[in-house]
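Structural features, examined
One-letter residues, chain by chain:
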Amino acid sequence: LGSEHRPLPPVMGVKTALHGTVKNLRRVTPQLSEQSARKIDRTIENFRKSVDPDVILQSISEPKSLVVTPAMFQHQFVQRAAQKQRRIVLPEGTEPRILLAAQELLRKQVADIVLLGNDPEIRSVAGANDIELNGAEIIDPDSSSLTQKYVEEFVRLRKKKGATVDMAKDALQDFNYFGTMMVQCGDADGMVSGSINTTAATVRPALQLIKTKDNISIVSSVFFMCLPDKVLVYGDCAINPKPTSNELAQIAVTSAHTAAQFGITPTVAMLSFSSGDRGKSPEVRLVSEAVKLAHKLDPKLKIYGPIQYDAAVDENIAKGKGMGVEGPANILIFPDLNTGNIGYKAVQQSTGALAVGPVLQGLRKPINDLSRGAQVADIVNTVAITSCMVE
């Protein structure tokens, strides 16, 4: 389908006459219920292999909508990940949720998976939970042939900080450090951790070894908030407690670039409890300064603020408050971690929105953190997102 080079559908021969064949076909009652997860996965995979979506899209004459719905967004990043087939390392190899996610990722062929940990222990946990790990690679950092290379690279990277061989060996006993070094050395394309570890335990090795991109001084995060009819991007809701105006400007610009990677045309709102420049408090002045700095960092970016949340997402309310905006914002930058974390959780819990993240940004290579309450679907989404972020 979708290409003149694909073979024609097969013609099947039967021994019965036409009338008997029709009767037999009517007796066939294939079922695909919501609970048939494997059948659904198999159906989607067969469709993906048999249909060329680009050819079909090109044949549709209707103009493409700029609106990205949650279903479209999730489909797009999972499809992109499957096409890229990146190698993602998961350091928490004995956690059942991680193994269930690995099974699903491998079955859907979303990414190549590397699990860190003791092989017999991982397989024991998998067996106890009826999990198949066909296709997954298991690496035990305690006995891996990669360790010596990573020790040398660790010492080289941390030489100015006084790192020694013994310090490197101690650090690499932490699977997050080992996984991060796999990414740094090109033995994996990205890493996802945090289901049983703190955010600091995931981010610290990345800051020390992978470091930030040029012209970016901080690592920040976004959540993709999948509401019933649209996807909004919230930042920073997980990393920086009290950013300066310069840091807030970097968060805004980096968040816009992250959103653009996933097909979202960014319009950025810098949030505050007061709209426009009328507010005289230090908090409002900080956001106002951040807006000016963000414009300097990316003059082409559509960005406005300080602005209240209701005005940011509703053009009519914005105009009523004297704000000259060009449509509702889809990238919403909170002034600090307190408001950002409360804000995303309030929307998530009150509306039932799917919150994909936190997605870390600003690093030279993709490392992503999971919530310790992450469900299997969250882990699958985060791995797919990480695969898409590989440059």
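Here's what I pulled together on the structure shown here.

Cut-offs applied
Residues numbered from 1 in each chain as written. Predicted model: local features only at pLDDT ≥ 70, side-chain atom pairs only at ≥ 80, totals over all residues. Heavy atoms only, no water. Helix = DSSP H or I, 4+ residues; strand = E, 2+ residues; numbered from the N terminus. Buried < 20%, exposed > 50% of the residue type's maximum accessible area, 1.4 Å probe, protein only. Contact = heavy atoms within 4.5 Å. Core = buried A, V, L, I, M, F, W, Y, C linked by side-chain atoms within 4.5 Å. Pairing = 2+ DSSP bridges. Axes fitted to C-alpha atoms, helices over the stretch in contact; angles between N-to-C directions. Right-handed = clockwise from strand over helix to strand, strands pointing away. Salt bridge = Lys/Arg side-chain N within 4 Å of Asp/Glu carboxyl O. Patch = residues over 30% accessible without salt bridge, like charges linked within 9 Å, V, L, I, M, F, W, Y side chains within 5 Å. Areas by Shrake-Rupley, 256 points an atom, 1.4 Å probe, with all protein chains shown as cover. Lys, Arg positive; Asp, Glu negative; His and termini not counted. Charge placed at Lys NZ, Arg CZ, Asp CG, Glu CD.

1. Details of the side chain of Gln103
Looking at the secondary structure, you find Gln103 in helix 5 (residues 96-107). In this structure Gln103 comes out as buried when scored by relative accessible area, which is 12%. Residue contacts for Gln103: discarding those within four places in its chain leaves Arg38, Asp130, Ile131 and Glu132.

2. Section: the nonpolar core
Counting residues in each nonpolar core, the largest one holds 59 residues, and the members touching the most others are Leu115, Phe224 and Met270. Beyond its immediate stretch of four places on either side in the chain, Leu115 contacts Leu90, Gly93, Ile98, Leu99, Ala102, Ile122, Leu133, Ala136, Glu137, Ile138 and Ile139. In this structure, Val151, Tyr177, Phe178 and Ile210 belong to the second largest nonpolar core, which totals 30 residues.

3. With respect to the pairing of strand 1 (residues 87-90)
In this structure, strand 1 lies alongside strand 2 (residues 112-116), joined through four bridges in parallel fashion. Considered in strand 2, the bridge of Arg87 is made with Asp112. Judged from the two bridges that link them, strand 1 and strand 4 (residues 190-193) form a sheet pairing that is parallel. If you follow Val89 over to strand 4, its bridge partner there is Met191.

4. A look at the sheet that holds strand 10 (residues 354-361)
Here we have six strands laid out as an open sheet, ordered 8-7-9-6-5-10, and mixed in their pairing. Among the strands making up the open sheet, the edge pair consists of strand 8 (302-307) and strand 10. On average, each strand axis in the sheet is tilted by 20° relative to the strand beside it, whichever way the strands run. In terms of strand pairing, strand 7 (residues 267-271) meets strand 9 (residues 331-333) through three bridges, oriented parallel. Looking across to strand 9, one finds that Met270 is bridged to Ile333. Lying on the sheet, helix 4 (residues 70-84) is in contact with strand 5 (220-227), strand 6 (230-235) and strand 10; it crosses strand 5 at an angle near 130°. Most of the contacts of helix 11 (residues 245-261) go to strand 9, to which it runs at about 160°, and overall it touches strand 5, strand 6, strand 7, strand 8, strand 9 and strand 10.

5. Details of unusual backbone geometry
A negative phi angle characterises most non-glycine residues, just as the trans form characterises most peptide bonds. With an omega dihedral of -20°, the bond running from Gly235 to Asp236 counts as a cis peptide bond. Positionally, Asp236 belongs in the loop between strand 6 and helix 11. Geometrically, the link from Gly305 to Pro306 is a cis peptide bond, its omega value of -5° lying close to zero. With respect to the helices and strands, Pro306 occurs in strand 8. We note that Asp130 has phi near 55°; this positive angle belongs to a residue other than glycine. Tracing the sequence through the fold places Asp130 in the loop between helix 6 (119-128) and strand 3 (137-139).

6. Notes on the pairing of strand 2
Where burial is concerned, most of strand 2 is hidden: four out of the five residues are buried. Two strands pair when backbone bridges link them, and strand 2 and strand 3 are joined in this way by three bridges, in the parallel orientation. What sits directly across from Leu116, in strand 3, is Ile139. In this fold, the crossover linking strand 2 to strand 3 by way of helix 6 has right-handed handedness.

7. Section: the pattern of salt bridges
All chains considered together, the criterion is met by seven salt bridges. Glu137 is the partner of Arg87 in a salt bridge, and the nearest nitrogen-oxygen pair spans 2.8 Å. Of this pair, Arg87 sits in strand 1 while Glu137 sits in strand 3, and the two are 50 residues apart along the sequence. The exposure class assigned to Arg87 is partly exposed, which follows from its relative accessible area of 26%.

8. What to know about a positive patch on the surface
On the surface, Lys160, Lys161, Lys211 and Arg364 cluster together to form a positively charged patch. Note on placement: Lys161 falls in the loop between helix 7 (147-157) and helix 8 (165-171). Relative accessible area serves as the criterion here: at 64%, Lys161 is assigned to the exposed category.

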